Amino acid sequence: MKKFFLFTLLCVITITTQAQTNLSDYLTKRMPKRETRAVWLTTLASLDWPKIYARSEESIEQQKQELIDILDKYQKANINTVLLQARVRAATIYPSDIEPWDQCITGVEGRAPGYGYDPLGFAVEECHKRGMEIHAWIATIPVGAKNSLGCRTLMKKGFRIRNFSTGSYLDPADPGVAPYLASICGEIVRKYDVDGINLDYIRYPDGWPRPSYRDGDTPDQRRSNITAIVRAIHDEVKAIKPWVKMSCSPIGKHADLSRYSSKNFNAHDRVSQEAQEWMRLGLMDQLYPMQYFRGDNYYPFLADWVENAYKREIVTGLGTYFLDPREGNWTLGDLTRQMYVSRDLGVGHAHFRSYFLTANKQGVYDFEKQFNATLSLPHKMQGVVSTATMPYAVNSSLVERREDKSVILRWKAVTPYYNIYASYTYPVDTEDARNLLFARYTGQTLQLKNVNPNLYFAVRGMDRYGLETPALQENMKSSTLSKSPATLLANDGNTLTLPAAAKLTDADRYVILSLQGVILRIVNAKSVRNNQLYIGSLSDGMYSLKVYNHKKKSFMLGSFMVKRASK
């Protein structure tokens, strides 16, 4: 309790200090290299997107352009995470084998846009073009109006559904709900290269009767029901792609605090969300608590989320919509003060919702652009081992400078992403966000025009978990590069020859991984004979090899390609 009090006191002192700080003073501070800057992009009733229905080839292109314009605005404000509503109310914005199309895409429930158009697939491609993560936002328990196509479909499947004035909802106690929702999230992760699954409304509805204490209907059992759903989704997603971030958007106050009341509405006691426990158990990589409050209803509860994050990530949900006088009476200062304090606590921010940000209500978009003066990377995932392979220069040189002041960067590696840095000092400080030029770049060649000749460059590979390699600096010598673990390891398709460096690691076990970071084989070092590792069971393809020593430290030994002669 004392620890929390001190933490809250520090938070209040910070608030008081930042309230007197203007933006120009604030930006003299070092900008964070890692910070989630997110926006909820709502498709429910086309609130944010799309405004144009996709009913013809021409209208499909117009709908696409709408999204492009929104994402371009995000990019200009250095937003790096898009939470796109992919499952709306028991209906989807992609061709699902499980649920019908939502009406937001074509204006008609169950109607596909045709012409090969996949809105979610298009959004994934466009976000990744801009170096942004895209998380599929899933509305879990709400299923829309009782006469909607999605709700009727679930009723035909035998799910227990309750109807309230706010709509219809799945019964979290129904044992079929957990595997069903897991199958939807699994479908998305299999079909699309999404970076995260964001669970919305993963709780008991507001109008649900209080626990009856009959037939096992107790507060603890209700929390257990919701946790079972969360666990099922987590296990399904992680089994398919372990690097996909699991997150949810709990009620903004976890529970009553010793000195601050939640005003009878909180996550843990009122709607059965054990979000902090999910973080402790590793069922969540991030939380986006919906902290649409001000003053003592915001700051102490933000401190509580941070203090109970278990080294995982908190991203505060901002009530940006309250900047619209039709929605609330917030001032821009109310919101920006929360952003200042959140950043000082190492917390990212997410705007609810897109329209109110891009419409620049009270100048919030202009502020966002200034507040995010540099690019930033989303936080790396906790509790994983890097699978990134060190990039190496082509022809022993990273940079080719031409007489027309253009520069071409060329490098090789086997990681999915690269972060490019530039600075007027050498070596380039790749921990300084001001030097981050491109984030999550997917190519291995980059051409720049009109480059100052005094500018130096560096490249760092990054794996699916957000973990970076050491930097390949512009002036690294070929003798240094030859030691790079990116050199392909020799093999004959049946056995792989371990590099000499393996003998220096006090090896305990070797781990073979796919390029996506999935562990395929673990080999006890004692079973290795004559420095040869058996790989005959692997399919043709590219792999990485990592070694763990007896002190549980890991080293990347390199990558290798299995390519057997065709019969």
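This structure is a prediction, so every number in the text was calculated from the model and none was measured.

## Comments concerning the environment of R509
Its location among the elements puts R509 in strand 21 (residues 507-514). Separated by 442 residues in the primary sequence, R509 and L67 place their C-alpha atoms 48 Å from one another. Within the local environment of R509, its side chain forms a polar contact with the side chain of D508, the two groups lying 3.4 Å apart.

## A short note on the nonpolar core
By size, the foremost hydrophobic cluster in this structure holds 109 residues, and its most contacted members are I188, I197 and L199. The element contributing the most residues to this core is helix 7 (residues 177-191), with 9 residues. Aside from chain neighbours lying at most four places away, what touches L199 is I138, T140, C185, I233, M246, S247, C248, S249 and M284. Counting residues in hydrophobic clusters, the runner-up holds 19 residues, among them L496, A507, L545 and F560.

## Quick word on the pattern of salt bridges
Enumeration according to the criterion identifies 36 salt bridges in this entry. A salt bridge links E126 to R130, with the nearest nitrogen and oxygen atoms 2.7 Å apart. Of the two residues, E126 and R130, neither departs from the other in class, the shared state being buried. What you see here is one network of salt bridges that share partners, running through K33, R34, E431, R460 and E468.

## Section: the confidence of the model for the protein chain
Mean pLDDT over the protein chain works out to 91, with 92% of the residues at or above the 70 mark. When the criterion is pLDDT under 50, residues 1-20 qualifies, and its contacts beyond four places in sequence or with other chains add up to 28 contacts. Here residues 477-486 is a poorly scored stretch, pLDDT under 50, and it has 18 contacts once near neighbours within four places are set aside; other chains count.

## Quick notes on the packing of aromatic side chains
All told, the structure shown has 24 aromatic pairs when counted by the stated rule. For the ring pair Y298 and Y299, a centre distance of 4.9 Å and an interplane angle of 85 degrees mean the geometry is edge-to-face. We classify Y298 as buried; its relative accessible area is 0%. Accessibility expressed as a relative area gives 8% for Y299, which makes it buried. Their ring planes at 35 degrees and their centres at 5.1 Å tell us that F322 and W330 sit as a pair that is tilted. Aromatic ring contacts, followed pair by pair, group W40, Y288, Y292, Y321, F322, W330, F352, Y355 and F356 into a single cluster. The ring of F371 has R343 sitting right over it, with the charged end atom 3.6 Å from the ring centre.

The rules behind the values
Sequence order as written defines residue numbering, which begins from 1 separately in each chain. Totals for whole chains, interfaces and linings use all residues, but because this is a predicted model, local features are given only for residues with pLDDT of at least 70 and pairs of side-chain atoms are given and counted only at 80 or more. With hydrogens and water excluded, all non-hydrogen atoms of the structure serve as input to the side-chain values. In DSSP terms, a helix is any run of H or I states spanning at least four residues, a strand is any run of E spanning at least two, and both are numbered starting from the N terminus. What qualifies as a polar contact is a pair of N or O atoms within 3.5 Å, subject to a donor-acceptor requirement within protein and to the restriction that residues adjacent in sequence count only when both atoms come from side chains. Residues belong to a common nonpolar core when they are buried Ala, Val, Leu, Ile, Met, Phe, Trp, Tyr or Cys residues joined through side-chain atoms within 4.5 Å. Residue exposure (1.4 Å probe, protein chains only): buried if accessible area is under 20% of the type maximum, exposed if over 50%, otherwise partly exposed. We call two residues in contact whenever any of their non-hydrogen atoms come within 4.5 Å of each other. By definition, a salt bridge exists where a carboxyl oxygen of Asp or Glu is found within 4 Å of a side-chain nitrogen of Lys or Arg. Summary of the metric used: pLDDT quantifies the predictor's per-residue confidence within the range 0 to 100. Note on aromatic pairs: the rings of Phe, Tyr and Trp (six-membered ring only in Trp) are paired at centre separations within 6.5 Å, and the planes decide the class, stacked below 30 degrees, edge-to-face beyond 60, tilted for the rest. Only lysine NZ and arginine CZ atoms are considered, and such an atom sits over a ring when it is within 6 Å of the ring centre and within 35 degrees of the ring normal.

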